[in-house]
Amino acid sequence: MKVVLSKDQIDYLFAFCRKHYVRYYDLQIELVDHLANAIEEKMTANPKIGFDRALHEVYTAFGYKGFAGIVEAKTNALCSQYSKVRLHYLKQYFAIPKVFASILFLTLVYFLEQNLPHPTQLFFLYTCIITVFLHEMIVVYKVRKLRKQQTKELLLTNAGYQQFIFTFITLQIGLHFLLDKDGISVSAVAYYVFCSMVLIIFLTNITYYHVSKQVFEKAIIEYPNAFV
Amino acid sequence: MHTQSLYKGCLEPIILQLLKNNDKLYGYQITQMVKQTSQGKLIITEGALYPLLHKLEEKGLVQTELAYVDNRQRKYYMLTDTGIQETKTTLTELKSLIETLQLIINPSLA
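The text that follows walks through the structure, step by step, so that each part is easy to find. (Residues numbered from 1 in each chain as written. Chains lettered and ligands numbered in written order. Predicted model: local features only at pLDDT ≥ 70, side-chain atom pairs only at ≥ 80, totals over all residues. Heavy atoms only, no water.)

## Re the overall build of chain A
Stated precisely, the cut-off is as follows: Helix and strand assignments follow DSSP, with helices taken as H or I runs no shorter than four residues and strands as E runs no shorter than two, numbered in order from the N terminus. The globule rule is 2.2 Å times the number of residues to the power 0.38, and the radius of gyration it is compared with is taken over C-alpha atoms.
Within chain A one finds nine helices and zero strands. Listed N to C, the secondary structure of chain A is α-α-α-α-α-α-α-α-α in terms of helices and strands. In terms of overall dimensions, chain A is more spread out than a globule: its C-alpha atoms have a radius of gyration of 26 Å, far above the 17 Å expected for 228 residues. Each principal axis of the C-alpha atoms in chain A carries an extent, and together these give about 85 × 35 × 25 Å.

## Some words on the pairing of strand β3 (residues 72-79) of chain B
Residues and elements named next belong to chain B. Here is the rule: Think of it in three bands: with a 1.4 Å probe and only protein chains considered, a residue is buried below 20% of the maximum accessible area for its type, exposed above 50%, and partly exposed in between. Any two strands with at least two DSSP bridges between them are considered paired.
Of all eight residues in β3, eight are buried; the element is thus mostly enclosed. Pairing of strand β1 (residues 25-26) with β3, which is carried by two bridges, proceeds in the antiparallel orientation. By the bridge assignment for β3, tyrosine 26 is matched with tyrosine 76. Taken together, the eight bridges between strand β2 (residues 62-69) and β3 define a ladder with antiparallel strand orientation. Residue pairing for β3: valine 62 is matched across the bridge by leucine 79.

## A word on the packing of helix α2 (residues 11-21) of chain B against helix α3 (residues 27-37) of chain B
Residues and elements named next belong to chain B. Stated formally: With axes taken as lines fitted to C-alpha atoms, and helix axes fitted only over the stretch in contact, angles between N-to-C directions fall between 0 and 180 degrees. Every angle not falling under 35 degrees, over 145, or within 65 to 115 is termed oblique; those three ranges are roughly parallel, roughly antiparallel and roughly perpendicular. Whether two residues touch is decided by their heavy atoms; if any such pair falls within 4.5 Å, the residues are in contact. Put simply, Ala, Val, Leu, Ile, Met, Phe, Trp, Tyr, Cys and Pro go in the nonpolar bin, Asp, Glu, Lys and Arg in the charged bin, and everything else, Gly too, in the polar bin.
In the contact formed by α2 and α3, the axes pass within 11 Å of each other and the chain directions differ by 105°. Considering the angle they form, α2 stands roughly perpendicular to α3. Contacts from Ile14, Ile15 and Leu18 of α2 reach α3 at Ile30, Met33 and Val34. Residue composition of the contact of α2 with α3, by class: six nonpolar, no polar and no charged.

## Regarding the pattern of salt bridges
Quick note on the threshold: Each reported salt bridge corresponds to a side-chain nitrogen of Lys or Arg within 4 Å of a carboxyl oxygen of Asp or Glu.
The final tally for this structure, using the stated rule, is 16 salt bridges over all chains. Here arginine 74 of chain B and aspartate 33 of chain A are joined by a salt bridge, their closest N and O atoms 3.0 Å apart. Note that arginine 74 of chain B is positioned in strand β3 and aspartate 33 of chain A in helix α2 (residues 25-45), a pairing that runs across two chains. Look at aspartate 33 of chain A and you get buried, because its relative accessible area is 4%. For the salt bridge of lysine 84 of chain A with glutamate 58 of chain B, the shortest nitrogen-to-oxygen distance reads 2.6 Å. Of the two residues, lysine 84 of chain A is situated in helix α4 (residues 68-92) and glutamate 58 of chain B in helix α4 (residues 46-58); the pairing between them involves two chains. By relative accessible area, which is 15% here, glutamate 58 of chain B ends up buried. Members of the salt-bridge network, linked through shared partners, are Lys2, Asp33 and Glu40 of chain A together with Asp70, Arg72 and Arg74 of chain B.

## A closer look at the environment of alanine 36 of chain A
Residues and elements named next belong to chain A. Along the chain, the position of alanine 36 falls in helix α2. For alanine 36, a relative accessible area of 0% puts it in the buried group. When the C-alpha positions of alanine 36 and asparagine 205 are compared, they lie 42 Å apart, and in sequence the two are 169 residues distant.

## Let's talk about the packing of aromatic side chains
Think of a pair of aromatic rings as described by two things: how far the centres are apart, and how the planes are tilted against each other in angle. All names here are of chain A. Spelled out, the test is: Each Phe, Tyr or Trp ring (for Trp, its six-membered ring) is paired with any other whose centre lies within 6.5 Å, and the angle between the two planes then decides the class: stacked below 30 degrees, edge-to-face above 60, tilted in between. By the criterion adopted, a ring carries a charge over it if an Arg CZ or a Lys NZ lies within 6 Å of its centre and within 35 degrees of its normal.
This model, assessed by the stated rule, comprises 10 aromatic pairs over all chains. Measuring from ring centre to ring centre gives 5.0 Å for phenylalanine 62 and phenylalanine 67, while their planes differ by 80°; the resulting arrangement is edge-to-face. Take phenylalanine 62 and phenylalanine 67: they sit in the same class, and that class is buried. Among the aromatic residues, those joined into a ring-pair cluster are Phe16, Tyr59, Phe62 and Phe67. We note lysine 98 situated over the ring of tyrosine 93; from NZ or CZ to the ring centre the distance is 4.9 Å.

## Describing the interface of chain A and chain B
As a reminder of what qualifies: Once two parts are brought into contact, the accessible area they lose, counted with a 1.4 Å probe and summed over both, makes up the buried area.
With 29 residues of chain A at the interface, the matching set in chain B holds 22 residues. Interface area, chain A with chain B, both sides summed: about 2,300 Å², of which 50% is carbon and sulfur. Sorting the residues of chain A by area buried against chain B places Glu30, Asp33 and His34 of chain A first, and these three jointly supply 25% of that buried surface. Run the count over chain A and chain B and you get seven salt bridges.

## Things to note about empty space enclosed by the protein
Residues and elements named next belong to chain A. Under the convention used in this document: Method remark: on a 1 Å grid restricted to protein atoms, a set of points is classed as a cavity if a 1.4 Å probe fits but cannot get out and as a pocket if it is open with protein on both sides within 12 Å along at least five of seven lines; lining residues have an atom within 4 Å of a point. Grid points are joined across faces, edges and corners, and a volume is the space filled by probe spheres set on the points.
As enumerated under the stated definition, the model contains four cavities of 30 Å³ or more in all. Roughly 130 Å³ of internal volume is contained in the largest cavity. At the level of secondary structure, the elements contributing two or more residues to the lining of the largest cavity comprise α2, α4, α7 (155-158) and α9 (188-222). The class makeup of the residues in the lining of the largest cavity is five nonpolar, two polar and seven charged. The space that makes up the second largest cavity amounts to roughly 80 Å³.

## Section: unusual backbone geometry
Each neighbour pair has its own omega, and for isoleucine 96 of chain A with proline 97 of chain A the value is 5°, a cis peptide bond. Considering the arrangement of structural elements, one finds proline 97 of chain A in the loop between α4 and α5 (99-115). Its identity is not glycine, yet tyrosine 21 of chain A carries a phi of approximately 65°, on the positive side. Along the chain, the position of tyrosine 21 of chain A falls in the loop between α1 (7-19) and α2. The phi dihedral of aspartate 70 of chain B falls on the positive side, at around 50°, and the residue is not glycine.

See the structure below:
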C-alpha cells in the first residue's frame, strides 16, 4: 500500500526547507512536493526505513549544494523574465499609440528650449528632477503597500523588487556635469540629453509599477496561502 | 560514466518531448519517467531538472498550475503553444544531429 505523508510531516518538510535557506514559499512548495514524493516512494518500498532516514537519503541526492543551486537558478530565471517584460512595456512608449505621449513631452521640451532664457531652462530641469523624484516615491510606496499584503515571502514577487534608487542624486550629479562654466547655462545638446534621460527614468518607473502590480495579481491567484 | 555527460545536452528536448506526450507533469514524475523510459540509463538529478524547468518557464515554453494533492500543493508543468512549436523544432534538430553523428561514426553510411 502506498505511503502518504501526513500533514504534520509535510509541515516538517516546509520547516526543513526553511532551515536549509529556502525562504521563499513558492519554491518551498515545489521542493516539499519533490521531497514528499521521494520519501513516500522509499517508505512504500521499505516500510522499515522511517521518515527521518528516508528524508536524509532524499536530501543527500540533491548533492553537496543542497537546494542552493535550485534557488539561484530560479532567481536568475525570474530576474531575466522580469527584465524582458519591463523592456517590452518600456518599448510600447516608443511605439504607436503610446509614443504620442512621449512625442508630446519632447515637443514641450523643444518649445521650452526655444523660448525660455537659460536661467529659466535650469529651473525647468530642476522641476523635472523633483517631479521624477516624487513620482518614484509614489511608485515605491505603492509597491511596498502591495508587498505588505503578503504573509509569506514569494520569489515571484521578490525577484523583481527594487529598493529606492537614488534618482534624485543621480540626476542632480548628471545635471551638474552638463552645466556650462557659468553654472546656470545648459547647452542645447545637454538640455535635450538630460530631458531624454528624465523621460526614460519616468517611463521606467511607470513600467516597474505596472509589472509589479501584474506580478502581485498573479501571485494572489497562484499562491493564496501566502496572502492569508 | 561518459553516458551521463553525453545526455546532458539533450535534457531540454527530452523534457519537452515528455511534456508533449503528457497533458501535464510534476517535477518528481519527470525524473521517474526519464529513468523508466531510458531503462535506468539516464537519471536526471534534481539539481539539473528544476533549473531547466524554470528556464523553460522563463522562455515561455512551459506554464504551470498548482493543485492540492496528498496533503500538499503540487506544481504541474505543461507546454504552452510556443512550447509545442519549439518541441517540434528541437526534435527535428536532434534527429539531424543523430544522423550527422551516425555519418561520423559509420562513414560507410555516407
